[in-house]
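Below are the chains, spelled out letter by letter.
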Amino acid sequence: VKIVRSVSELLLEGEVGLVPTMGALHAGHVALFDAARTENDVVVASLFVNPAQFGEQADLARYPRDEAHDFAVAERAGVDVLFAPPADEMYPAGFSTWVVPEETGAEGAARPGHFRGVATVCLKLFAVVRPARAYFGQKDAQQAIVVRRMARDLNLGVDVRVLPTVRDVDGLLSPAERERALGLPRALENAVGAADPVAAARAELNGLDPDYVELLDLDGATVLAAAVRVGPTRLIDNVVVKGALS
Ligand code: PAF
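Attention here is on the structure that accompanies the text. Starting afresh in each chain, residues are numbered from 1 along the sequence in its written order. Restriction of local features to residues with pLDDT of at least 70 applies here, the model being predicted, together with a cutoff of 80 or more for giving and counting side-chain atom pairs; totals for whole chains, interfaces and linings are based on all residues. Each side-chain value is worked out from all heavy atoms of the structure, with water and hydrogens disregarded.

Structural notes on the pairing of strand S2 (residues 16–21)
Basically, it comes down to this: Burial here depends on accessible area, computed with a 1.4 Å probe over protein chains only, as a share of the maximum for the residue type. Under 20% is buried, over 50% is exposed, and the range in between is partly exposed. Helical segments are the DSSP runs of H or I of at least four residues, strand segments are the runs of E of at least two, and each set is numbered from the N terminus. Here, any two strands with at least 2 DSSP bridges between them count as paired. With the strands pointing away from the viewer, any crossover whose connection runs clockwise from the first strand over the helix to the second is right-handed.
Here S2 lies mainly inside the structure; six of its six residues are buried. Burial along S2 is two-sided: the face carrying Val-16, Leu-18 and Pro-20 and the face carrying Gly-17, Val-19 and Thr-21 are both buried. Summarising the sheet, S2 and strand S3 (residues 42–47) pair through six bridges and their orientation is parallel. For Pro-20, the partnering residue across the bridge sits in S3 and is Ser-46. In the classification by handedness, the crossover that spans S2, the intervening helix H1 (residues 27–39) and the parallel S3 is right-handed.

Written out as structure tokens, the structure is:
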């Protein structure tokens, strides 16, 4: 894998598949790299902990960073280029232009400014990498909806692909918290097929405190999404209750 730190060094040829990431690479990212590999000539992963999408500076500070681990995972997965810019390469002094999505659902309401940061950094990544396709995990369903909407609204010519969630152990949780956290995907899975999936999921959360439980429309597929807090960590997850993702 070739590591690139600056926009001017990003010289790419052929059809490019982009997997935007904030590092802490795990099996879910590898599934996205694999999909990008089969559909493109060149696979680029970005590795950038985007300060603009964090509300609390404390959350930004405690976000896991381990470049050596991320390089090794990308190398093993056959990523061609890892774009890992410093913050001032993406947000140089005087930066003042933002993308502000209007439809951001319950996740947007719970995290004011979050999707402004996500949409802006994704637009910048699309502008510098010029991918034919960009790959996102269904786990962040609301994010995928926002980015796909932006690509359409602004005629970016990027096919925003959304792939099923591959869950992995969350490194931020203690073993006891991890056990409690498993209650979230379980409650969502068990609610599929219920007459009122939101009520069914809420009833099964077993003491996990939800920020929200809601049904989302993801391009015709209906997704049951929820956010809960486990200790200091906020977790989101979702399942498809009707239709299929594309
Ligand atoms: O899902 C993420 O890791 C981030 O929100 C993304 C898409 C890389 C933008 O910073």
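Focus: the pairing of strand S9 (residues 233–242)
S9 sits mainly inside the fold: seven of its ten residues count as buried. As defined by bridge partners, strand S8 (residues 221–230) adjoins S9 across nine bridges and the pair is classed as antiparallel. Bridge pairing in S9 links Ala-227 to Ile-236. Between S8 and S9, which pair antiparallel and follow one another directly, the connecting turn spans two residues, one of which, Gly-231, has a positive phi of 60 degrees.

What to know about the packing of helix H6 (residues 114–129) against helix H7 (residues 141–153)
Selection criterion: Where helices are involved, their axes are fitted lines through C-alpha atoms of the stretch in contact, as for all axes, and angles between N-to-C directions lie from 0 to 180°. Roughly parallel refers to an angle under 35 degrees, roughly antiparallel to one over 145, roughly perpendicular to one between 65 and 115, and oblique to any angle outside these ranges. Left-handed describes a crossing whose near helix is turned anticlockwise from the far helix through less than a right angle; right-handed describes the clockwise counterpart. Only heavy atoms enter the contact rule, under which two residues are in contact if any of them lie within 4.5 Å. Under the convention adopted here, Pro, Cys and the residues Ala, Val, Leu, Ile, Met, Phe, Trp and Tyr are nonpolar, Asp, Glu, Lys and Arg are charged, and Gly plus all remaining residues are polar.
Remark: H6 packs on H7, axes separated minimally by 10 Å, with the N-to-C direction vectors making an angle of 50 degrees. With respect to their mutual orientation, H6 and H7 come out oblique. Of the two possible hands of crossing, H6 and H7 adopt the one that is right-handed. In this structure, H6 contributes Phe-115, Val-118, Ala-119, Cys-122, Leu-123 and Phe-126 to the contact, and H7 contributes Gln-142, Gln-143, Val-146, Val-147 and Met-150. Residues belonging to the contact of H6 with H7 are distributed by class as follows: nine nonpolar, two polar and no charged.

So, the sheet that holds S3
Taken in spatial order, the six strands make up an open sheet running S1-S4-S3-S2-S5-S6, and their pairing is parallel. Each end of this open sheet is capped by a strand with a single partner; those strands are strand S1 (2–4) and strand S6 (159–163). Strand-to-strand, the axes of this sheet are offset by a mean angle of 25 degrees, without reference to chain direction. Lying over the sheet, H1 contacts S2, S3, strand S5 (133–137) and S6, oriented at roughly 155 degrees with respect to S5.

A closer look at the packing of aromatic side chains
Given two aromatic rings, one states the distance between the centres and the angle between the planes to describe the pair. The criterion, for reference: Put simply, two rings from Phe, Tyr or Trp (the six-membered ring, in Trp's case) pair if the centres are within 6.5 Å, and we call them stacked under 30 degrees between planes, edge-to-face over 60, tilted for the rest.
Going through the model one piece at a time under the given rule, you end up with five aromatic pairs. Geometrically, the ring pair formed by Phe-54 and Tyr-63 is edge-to-face, given 5.6 Å between the ring centres and 75 degrees between the ring planes. The exposure class assigned to Phe-54 is buried, which follows from its relative accessible area of 12%. Ring centres 5.8 Å apart and planes at 20 degrees place the aromatic pair Tyr-91 and Trp-98 in the stacked group. Among the aromatic residues, those joined into a ring-pair cluster are Phe-48, Tyr-91, Phe-95 and Trp-98.

Side note on the pattern of salt bridges
For side chains bearing opposite charge, pairing can occur when the charged atoms are close. This is how it is decided: A pairing counts as a salt bridge when a side-chain nitrogen of Lys or Arg comes within 4 Å of a carboxyl oxygen of Asp or Glu.
Per the stated rule, a full pass over the model turns up ten salt bridges. Among the salt bridges present, the one from Arg-161 reaches Glu-39, with a minimum N-O distance of 2.6 Å. Of the two residues, Arg-161 is situated in strand S6 and Glu-39 in helix H1; the sequence distance between them amounts to 122 residues. Judged by its relative accessible area of 26%, Glu-39 falls in the partly exposed class. Its salt-bridge partner being Glu-107, residue Arg-111 comes within 3.6 Å of it at the nearest N-O pair. Salt bridges sharing partners connect three or more residues here, namely Glu-107, Arg-111, Asp-211 and Arg-234.

With respect to the site of the ligand
The test is simple: We call a residue near a molecule or strand when any one of its heavy atoms sits within 4 Å of it. Think of a polar contact as two N or O atoms within 3.5 Å of one another; within protein, one of them needs to be a possible hydrogen donor and the other a possible acceptor, and neighboring residues in sequence only count if both atoms come from side chains. Methods summary: accessible areas were calculated by the Shrake-Rupley approach with a probe of 1.4 Å, and residue burial reflects only the protein chains presented.
As a structural note, the neighbourhood of the ligand is formed by Pro-20, Thr-21, Met-22, Asn-50, Gln-53, Val-121, Phe-136 and Gln-143. Between the ligand and Gln-53 there is a distance of 2.6 Å, counted from an oxygen atom to a side-chain nitrogen or oxygen. Within the side chain of Gln-143, one N or O atom sits 2.6 Å away from an oxygen atom of the ligand. Look at the ligand: alone it shows 290 Å² of surface, and the protein chains cover 88% of it. Residues that form the shell around the ligand fall into these classes: four nonpolar, four polar and no charged.

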